[in-house]
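Summary of structural features
Here's the letter readout for the chains.
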Amino acid sequence: MSLFRRDAAPKEKLEGVVTFFGSHHALRAESVLKKAGHAVRLVPGPREISPNCGVALRFVQERKGEIADLLKQSSVQYEGIHHYPEK
Amino acid sequence: MSVLYLDNAATSWPKPPSVPRAMSGAVRHGGGNPGRSGHTKSIQAGRTVLGARELLAELFHVHDPSHIVFTKNATEALNIVLFGLLRPGDRVLTTSMEHNSVLRPLAALTGAGVVVDFVEAGTDGLVSPDEVAARLGAGTRLAVVTHASNVTGTVNDITAIGAICRARGVRLLVDAAQSAGCIPIDLELLPADYLAFSGHKGLLGPQGTGGLFVRQEADLAPLTRGGTGSLSDREDQPEFLPDRFESGTLNVPGIAGLAAGASYLLKRGVESVAAYDRRLRSAFLAALAGDPRVKVFGGAESIPHTGVVSIRIDGISPSTAGEALEKRFGILTRIGLHCAPRAHRTIGTFPDGTVRLGWGPFTRERDMVKAARAILALAGGK
């Protein structure tokens, strides 16, 4: 099957999660990171790691350093960055 | 008879077609309360609001969009700063050209022990930066200055005034109700601590929208407190921007419309709108041809102006003139005191006021010539 789909790169696993205090910052993080070409996805905030705003942002764990830098440069306030693989 | 709308200084009309389209889309297909849930509709509404914040941040050269707070109008934005910052014993400096949106909160604060000092503008409506420097006292905490007058359209040298305030350690609140979207505003260069703007005037959004730029939120108390969707386990108000000042559900359809207005302006360019407004002013004045029966306020043509002019016609009260302009020529203007009694005292037109014409990016040059000819006809007793 995969022999016929040479362009299909394996989908990157979004095992990192950024949590936020407020949704503006979650959405702003999504906007900033998408513009910079990062694979990210907004998800309902996992209760175990954040009691705060409704949404959190999944990202590729290996890019953690780069992502933290970008968020800082863009003055996005976040609560924490966690390794939290999807169950 | 066709209608010629020349009251854009009160609220702009028409809007770019993208504005009602965006609003209708937000109501028909949007739904969802921004920041309140993790479901698709809530996130979509949140993206609409963020998109608007990002466009306004781009328009005003603000690095971090969270420093743009949405309000229902410029008045609310001004109230947030005046009541959130000033405490009994504080001094505040303002000018004789301010709107009642500044004067009335300050009158209430005077009753609460705040001391208000006024800088008198010239009869052309301009506030002199030197006068501001001379009137700043040792205890002055805040200066509140209008960027452009809603009566004369004169544009103050707000950058010079801001530099003086900054050098003296006084914060500056700029009332940009008449300037936002009409003349360029660059908050990287303008030393303003707060800037209040209207969404439904120069920014071409719908009524019920406005906002406040807050450079530093730390000691500014919110005017309203309530649900923000954030830190919901706590009963105290979040301290971070924009949630600190945005309690309760936002006007998402309005904000979607405002985003469309800002987007239109970014494409057309605010500098180009400002140049267009100046061209229409020149066309209007040229058509009046210096007729001595028509008095034009707002000083020399060389002074920068927005798309606003105040006039009076010899022997005809502003209210009679305004009525005749509508009934006989279909021209809609605004007459009277324009919620700025001190400004009218300053230019010598209190208590009758003036006839104010306010044009916008969709007014045509021939509309201005038509208005001037109608005014001349009234002046000639026709």
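None of the values given here were measured: they were computed from a predicted structure. (Residues numbered from 1 in each chain as written. Chains lettered and ligands numbered in written order. Predicted model: local features only at pLDDT ≥ 70, side-chain atom pairs only at ≥ 80, totals over all residues.)

Moving on, we come to the overall build of chain B. Looking only at helices and strands, one finds eleven helices and 13 strands in chain B. For chain B, the C-alpha atoms occupy an extent of roughly 70 × 55 × 35 Å along the three principal directions. Going through the 382 residues of chain B one by one, you find that 54% of them count as buried. (Helix = DSSP H or I, 4+ residues; strand = E, 2+ residues; numbered from the N terminus. Buried ≥ 20, exposed ≤ 12 C-beta atoms within 10 Å, placed from the backbone.)

So, on to the pairing of strand β3 (residues 91-95) of chain B. Residues and elements named next belong to chain B. Counting buried positions over the five residues of β3 gives four, a clear majority of the element. Where β3 and strand β4 (residues 115-119) come together, five bridges link them in parallel fashion. Looking at the pairing, Thr94 lines up with Phe118 of β4. The handedness of the β3 to β4 crossover, carried by helix α4 (residues 100-111), is right-handed. (Pairing = 2+ DSSP bridges. Right-handed = clockwise from strand over helix to strand, strands pointing away.)

Glancing now at the domain arrangement of chain B. Residues and elements named next belong to chain B. One can read the domain layout of chain B as domain 1 (4-14 + 270-379) and domain 2 (18-268). Look at where the C-alpha atoms of domain 1 and domain 2 centre, and you get two points 27 Å apart. When residues of the side of domain 1 that touches domain 2 are traced back to their parent elements, those giving at least two are α8 (270-288), β10 (308-313), α10 (341-347) and β13 (354-358). Of the residues assigned to the side of domain 1 that touches domain 2, the class counts are 14 nonpolar, 14 polar and five charged. (Domains from an automatic or database assignment. Nonpolar A, V, L, I, M, F, W, Y, C, P; charged D, E, K, R; others polar.)

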